[in-house]
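Structural features, examined
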2 protein chains.
Amino acid sequence: MEGKGISQAVIGRLPRYFRYLGELRDEGVERISSQDLSRLMQVTASQIRQDFNNFGGFGQQGYGYNVEYLYAEIGRILGLDKQHRLIIVGAGNLGQALANYMNFEKRGFLVQGIFDADPKLYGRVVRNLEVEPMELVEQRIREKNIDIGVLTVPKNSAVEVADRLIGYGIKAIWNFAHVDLHVPEGVQVENVHLSDSLMKLSYTISCYEKQRG
Amino acid sequence: MEGKGISQAVIGRLPRYFRYLGELRDEGVERISSQDLSRLMQVTASQIRQDFNNFGGFGQQGYGYNVEYLYAEIGRILGLDKQHRLIIVGAGNLGQALANYMNFEKRGFLVQGIFDADPKLYGRVVRNLEVEPMELVEQRIREKNIDIGVLTVPKNSAVEVADRLIGYGIKAIWNFAHVDLHVPEGVQVENVHLSDSLMKLSYTISCYEKQRG
């Protein structure tokens, strides 16, 4: 039943719940009411209850939610109870930054390789991994059972590289290239288009300035 | 009138329109119908017309939109007709990656400084800019009239650094730290929480696997 008919908006909010609950857990908090969670996260208590009702409500019993249970349940819904094995394709600054981002491992995302088309980068060590040539991508995906490809190549090669990864059996692409990918049924894509995000910021600055006149 | 009552969903789609129109323009396309734009962007023509009607419709006249005009208008709505001056606070891998991201300058976002609290990074040259100590942030913001602060510091110092930047007169924060900032009225924040994005990908993988059984 999970995942059926649940809106993108609700799904988009789950990681934030997970993050706050993880912090509460780390602070030793055992129970929290929807009112307290509401104040902390600055969303309405009714929003929280509605969101959670999509997943059966998580058994709030008057005296609040069990933090550890709720954290584990939302983690399970997000698929974080399983490990994911990923490679990074594109070993430029952004690819290296992502490789070095320790937090991903904590969440079960294991970086298993980093690749580039530029021979000057071959052998450079990033987070205990040597940058390898693109020619090795297929072999590594198959032998290491990689399920996620992180795409940090330039825009003009992104579509071709994505097609190759999919051909080699990748199930999901975390796409940082500034282009929309069209992928076959069964391949999941999550885009991080940094320029789009910066433009949204520019929009809100511009609106605020117009309001002030 | 612009920006009043326009939904976040519409605003969130504007950068994508802008990107596609920029590509059409670069390819020398002068006019495009909503049907052709619809096919290209894989959204319905009715969605496009509804979105554009929020801004007066952009004068489609039977034979389609003028690409150059539409590109310029959407750019103007996004505030891209003005230059923005930004600094990057946190000169780790991610901060360096963002400093090196050439595309931002093309859109009028000028990187004017990069700062870190780690003396080992002082003087390192990133995109023609020397990494400077945090103590110089205030002076640089004031003398260079900086309006955007890019926050790429660790989570545990992000709130304090954001407060400092706001105290120094920053109007907008592009926040990559994995924490929600609570800022005063008039300060704009756009979050890029990479872990949240990766969790959404994990969710869609997990859903797809459950459907397949």
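Just above, that's the structure.
Read on for a plain summary of the structure.

**Let's talk about the overall build of chain A**
Summing up its helical and strand segments, chain A has nine helices and nine strands in all. The buried share of chain A, reckoned over its 213 residues, is 54%. Counting contacts in chain A only where the partners sit at least 6 residues apart, residues at least 24 apart contribute 55% of the total. For chain A, the computed accessible surface area is about 9,900 Å², with 47% contributed by carbon and sulfur atoms.

**What about the interface of chain B and chain A?**
Interfaces are often described in size by the accessible area the parts lose on coming together. Each partner contributes residues to the interface: chain B has 66 residues there, and chain A has 66 residues. Surface buried jointly by chain B and chain A totals about 6,000 Å² across both partners, of which 61% is contributed by carbon and sulfur atoms. When the buried area of chain B at its contact with chain A is split by residue, Leu 198, Met 199 and Tyr 203 of chain B rank highest and sum to 12% of it. The tally of links between chain B and chain A comes to 12 salt bridges. A salt bridge links Asp 180 of chain A to Arg 16 of chain B; the shortest N-O distance between them is 2.6 Å. The interface formed by chain B and chain A holds 28 residue pairs in polar contact (both at pLDDT 80 or more) in total.

**Some remarks on helix H8 (residues 155-167) of chain B**
Residue and element names in this part refer to chain B. Helix length check: H8, at 13 residues, gives a terminal C-alpha distance of 19 Å against a target of 18 Å (1.5 Å per residue), a fit within 8%. Buried within H8 are the following residues: Ala 158, Val 161, Ala 162, Leu 165 and Ile 166. Lining the buried residues of H8 we find strand E3 (84-89), helix H7 (137-144), strand E7 (148-151) and strand E8 (172-175). Once H8 ends, the next one or two residues include Gly 169, with phi positive near 105°.

**Some points on the nonpolar core**
In terms of nonpolar packing, the biggest core is built from 104 residues, with Ile 74 and Trp 174 of chain A together with Ile 74 and Trp 174 of chain B touching the most fellow members. Setting aside residues no more than four positions away along its own chain, Ile 74 of chain B makes contact with Leu 14, Tyr 17, Phe 18, Leu 21, Phe 52 and Phe 58 of chain B.

**A few points about the relation of the copies chain B and chain A**
Turning chain B through 180° and shifting it by 0.0 Å along the axis lays it on chain A, with an RMSD of 0.0 Å. The two molecules are tied by a two-fold rotation axis, judged by turn and shift. The residues that chain B uses at the interface reappear at the interface of chain A in 100% of cases, marking a shared surface.

**Focus on helix H1 (residues 8-26) of chain A**
Its 19 residues give H1 of chain A an end-to-end C-alpha distance of 28 Å, which sits within 8% of 27 Å, the value for a rise of 1.5 Å per residue. Regarding H1 of chain A, the residues found buried are Val 10, Ile 11, Leu 14, Pro 15, Arg 16, Tyr 17, Phe 18, Arg 19, Tyr 20, Leu 21, Gly 22 and Leu 24 of chain A. Where the residues of H1 of chain A are buried, they touch strand E1 (31-32), helix H2 (34-41), helix H3 (45-53) and helix H4 (67-77) of chain A together with H8 and helix H9 (194-212) of chain B. Positioned one or two residues after H1 of chain A, Gly 28 of chain A has a phi angle of 85°, which is positive.

Conventions used here
- Residues numbered from 1 in each chain as written.
- Chains lettered and ligands numbered in written order.
- Predicted model: local features only at pLDDT ≥ 70, side-chain atom pairs only at ≥ 80, totals over all residues.
- Heavy atoms only, no water.
- Helix = DSSP H or I, 4+ residues; strand = E, 2+ residues; numbered from the N terminus.
- Buried < 20%, exposed > 50% of the residue type's maximum accessible area, 1.4 Å probe, protein only.
- Contact = heavy atoms within 4.5 Å.
- Areas by Shrake-Rupley, 256 points an atom, 1.4 Å probe, with all protein chains shown as cover.
- Buried area = accessible area lost by both parts, 1.4 Å probe.
- Salt bridge = Lys/Arg side-chain N within 4 Å of Asp/Glu carboxyl O.
- Polar contact = N/O pair within 3.5 Å; in protein donor to acceptor, adjacent residues only side chain to side chain.
- Expected span 1.5 Å × (residues − 1).
- Core = buried A, V, L, I, M, F, W, Y, C linked by side-chain atoms within 4.5 Å.
- Least-squares fit on C-alpha atoms with pLDDT ≥ 70 in both.

The analysis is restricted to geometry; functional conclusions fall outside its scope.
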